[in-house]
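# Observations on the model geometry
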Amino acid sequence: MVDKIKALLLEVENMSAANADELEALRIKYLSKKGEVSALFNDFRNVANDQKREVGKFLNELKESTQNKINEIKDGFDSNQGATEEIDLTRTAYPVQLGTRHPISLVRKEICDIFNRLGFSIAEGPEIEDDWHVFSSLNFAEDHPARDMQDTFFIQHNPDVLLRTHTSSVQTRVMETSEPPIRIMCPGRVYRNEAISYRAHCFFHQVEALYVDKNVSFADLKQALLFFAKEMFGADTQIRLRPSYFPFTEPSAEMDISCNLCGGKGCPFCKHTGWVEILGCGMVDPNVLENCGIDSTVYSGYALGMGIERITNLKYQVKDLRMFSENDVRFLKQFESAT
Ligand code: DAH
């Protein structure tokens, strides 16, 4: 009987099946009730008692090997079948989930690209500043309301450590450390102690531009502003300058553009005036030049500053400023196609 078992073990070891039907035939041949392995188990009772132990061991081994071999062949079928089903070379690839640029980043880049074409390069400065760079150097009087705790975030109750309230601080840093001609733009985040609402936030973004050289005039400023407005809002855009006041510029102005929604005819967006305000500007006050070590009898300059959120609102009609910092992907995804 042991010889028979050994012969079957060899047979089982070498068996193969081309398909599921053949495999089933093999299973029936060896393992079914009338199969060869089962027949040997039936004969087992005739084995002499002193040999039962050894023969039983062989018999169990045979049954186990047969079952294992059948499973092995079956697994081979399954994984082959899986492979032919999964690999379909004609199928399109899964779309890769791409993120989108934040609208503020998009508009900041657009503003900087326009000024870059006029020869301005980017300068950056710290968000945690001192009084000199944010206020004193820029001609703010000691008692100017902007220094008030209401507007400015001071750090650790130290009046000389504060979060910058505007990017004009970068003007001072650049003028202190370089010689004219200076032609820079300063994009960045600024902070003000405001109650958060749909039209105000405690932080927002600005871009500042500064040009200092010999013979820089208000006409140069106006030309740069007109170029910017047309590039940003379209060739039909018109600008108008209104007299204004900033401590660091003299004369100072605010610039309006013809309403980009109604084309200047008047609509609720421009409060039926046909104009919307977009930035502040002016000729750099000689005191500021002197504060930064630049001879105001030789050099003059212009400066301008705008809020990026404001420009973004005009471009994309975002009504609520808070949308920009809520990280709601349903909002952010809408800027997918913007460049
Ligand atoms: N710093 C001003 C603000 O935060 C904006 C500004 C106005 C910047 C006039 C300028 C300027 O450079 O000339 O409101």
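Residues numbered from 1 in each chain as written. Predicted model: local features only at pLDDT ≥ 70, side-chain atom pairs only at ≥ 80, totals over all residues. Heavy atoms only, no water.

## Some remarks on the site of the ligand
Put simply, the test is: We call a residue near a molecule or strand as soon as one heavy atom of that residue lies within 4 Å of the molecule or strand. Under this definition, polar contacts are N or O atom pairs within 3.5 Å; protein pairs additionally need one hydrogen-donor-capable and one acceptor-capable atom, and for neighbouring residues in sequence, both atoms have to be side-chain atoms. We get accessible surface area from the Shrake-Rupley algorithm with a probe of 1.4 Å; when it comes to residues, only the shown protein chains can shield them. Per the convention used, a helix needs a DSSP run of H or I reaching at least four residues, while a strand needs a run of E reaching at least two, with both numbered from the N terminus. Residue polarity is assigned by list, with Asp, Glu, Lys and Arg as charged and Ala, Val, Leu, Ile, Met, Phe, Trp, Tyr, Cys and Pro as nonpolar; anything else, Gly included, falls into the polar class.
The ligand sits among 15 residues. The nearest are His-166, Ser-168, Arg-192, Gln-206 and Glu-208. His-166 places a polar side-chain atom, nitrogen or oxygen, 3.0 Å from a nitrogen atom of the ligand. Between the ligand and the protein, one listed contact pairs an oxygen atom with a side-chain N or O atom of Glu-208 at 2.6 Å. Protein coverage of the free-state accessible area of the ligand, which is 360 Å², stands at 88%. Counting only elements with at least two residues in the shell around the ligand, the list comes to helix H7 (168-177), strand E6 (203-213), strand E9 (275-284) and strand E10 (300-307). Broken down by class, the residue content of the shell around the ligand amounts to 5 nonpolar, 8 polar and 2 charged.

## Here's the deal with the sheet that holds strand E2 (residues 128-129)
The test is simple: For two strands to be treated as a pair, DSSP must find at least two bridges joining them.
The strand order E2-E4-E3 describes an open sheet built from 3 strands, whose pairing is antiparallel. Both edges of this open sheet fall to E2 and strand E3 (154-155), since each of them pairs with a single strand only. Inspection of the sheet shows E2 paired to strand E4 (residues 158-163) by 2 bridges, in the antiparallel sense. Along E4, the bridge assignment pairs Glu-129 with Leu-162.

## Overview of the domain arrangement of the protein
Quick note on the threshold: Where a domain begins and ends is set by an automatic assignment or by a domain database.
Per the domain assignment, the segments of the protein are domain 1 (2-84) and domain 2 (103-338). In this structure, domain 1 and domain 2 have C-alpha centres spaced 85 Å apart.

## Structural notes on the sheet that holds E9
Our working rule: Here, two residues are considered to be in contact whenever any of their heavy atoms come within 4.5 Å of each other. Axis geometry follows a simple rule: fit a line to the C-alpha atoms, using only the stretch in contact for helices, then measure angles between N-to-C directions, giving values from 0 to 180 degrees.
Spatially, 7 strands are ordered E1-E5-E6-E10-E9-E8-E7 in an open sheet, and the strand pairing comes out mixed. Single-partner strands in this sheet number two, and they are strand E1 (121-122) and strand E7 (239-246). Against the sheet, H7 touches strand E5 (182-191), E6 and E10, its axis set at about 35° to E6. Where helix H10 (residues 308-316) meets the sheet, its contacts fall on E6, strand E8 (249-258), E9 and E10, and the angle it forms with E10 comes to roughly 60°.

## Some details on the side chain of Ser-169
Positionally, Ser-169 belongs in helix H7. Sequence-distant contacts of Ser-169, that is, excluding residues within four places in its chain, are made with Glu-129, His-133, Val-134, Leu-138 and Arg-164.

## Here we look at H10
Put simply, the rule is: Only protein chains enter the area calculation, which uses a 1.4 Å probe; residues under 20% of their type maximum are buried, those over 50% are exposed, and those in between are partly exposed.
Taken together, the buried positions of H10 are Ile-308, Glu-309, Ile-311, Thr-312, Asn-313 and Leu-314. Along its buried surface, H10 packs onto helix H5 (103-117), E6, helix H8 (218-233), E8, E9 and E10. Positioned one or two residues after H10, Gln-317 has a phi angle of 55°, which is positive.

## Quick notes on the nonpolar core
Generally speaking, soluble globular proteins have nonpolar side chains that are buried together. Applicable threshold: Only buried residues count toward a nonpolar core. Its members are Ala, Val, Leu, Ile, Met, Phe, Trp, Tyr and Cys residues joined through side-chain atoms within 4.5 Å.
Grouped together as the largest cluster of nonpolar side chains are 45 residues, with contacts concentrated most on Ile-111 and Leu-304. Secondary-structure elements contributing two or more residues to this core are H5, E6, H8, E8, E9, E10, H10 and helix H11 (329-332). Those residues in contact with Ile-111 that lie beyond four places of it in its chain are Val-207, Phe-228, Met-232, Met-306, Ile-308 and Ile-311. Ala-146, Val-174, Met-175 and Ala-303 belong to the second largest nonpolar core, which has 23 residues in total.

## Concerning the environment of Ile-184
In this structure, Ile-184 sits in strand E5. Once the C-alpha coordinates of Ile-184 and Gly-274 are considered, the two residues, 90 residues apart in sequence, prove to be 31 Å apart. With near-sequence residues (within four places) excluded, Ile-184 lies in contact with Phe-120, Ser-121, Ala-123, Val-174, Glu-208, Ala-209 and Leu-210.

## Overview of the packing of H5 against H10
Keep this limit in mind: Oblique is the label for every angle not falling under 35 degrees (roughly parallel), over 145 degrees (roughly antiparallel), or within 65 to 115 degrees (roughly perpendicular).
At a minimum axis distance of 9 Å, the contact between H5 and H10 shows a crossing angle of 100°. The angle between H5 and H10 falls in the class roughly perpendicular. Across the interface between the two elements, Pro-103, Ile-104, Val-107, Arg-108, Glu-110 and Ile-111 from H5 touch Ile-308, Glu-309, Ile-311, Thr-312, Lys-315 and Tyr-316 from H10. When grouped by side-chain class, the residues that make up the contact of H5 with H10 number 7 nonpolar, 1 polar and 4 charged.

## What to know about the pattern of salt bridges
Selection criterion: Just to be clear on terms, a salt bridge is a Lys or Arg side-chain nitrogen sitting within 4 Å of an Asp or Glu carboxyl oxygen.
Per the counting criterion, the structure on display carries 14 salt bridges. The partner of Glu-277 in a salt bridge is Arg-242, and the shortest N-O contact between them spans 3.9 Å. One end of the pair, Glu-277, is in strand E9; the other, Arg-242, is in strand E7, with 35 residues separating them in the sequence. Its relative accessible area of 25% is what places Arg-242 among the partly exposed residues. Several salt bridges converge on common partners, so that one network encompasses Arg-240, Arg-242, Glu-254, Asp-256 and Glu-277.

## What to know about the packing of aromatic side chains
As a reminder of what qualifies: Only Phe, Tyr and Trp rings are paired, with Trp represented by its six-membered ring, and only when their centres lie within 6.5 Å; those with planes under 30 degrees apart are stacked, over 60 edge-to-face, the remainder tilted.
On inspection of all chains with the given rule, the structure shows 11 aromatic pairs. Aromatic pair Phe-120 and Tyr-211: ring centres 6.5 Å apart, planes at 70°, arrangement edge-to-face. With Phe-120 in the loop between H5 and E1 and Tyr-211 in strand E6, the pair connects residues that are 91 residues apart, well separated along the chain. Tyr-211 shares its class with Phe-120; the two are buried. Between the aromatic rings of Phe-331 and Phe-335, the centroid separation amounts to 5.3 Å while the plane-to-plane angle is 75°, which identifies the pairing as edge-to-face. Of the two residues, Phe-331 and Phe-335, neither departs from the other in class, the shared state being buried.

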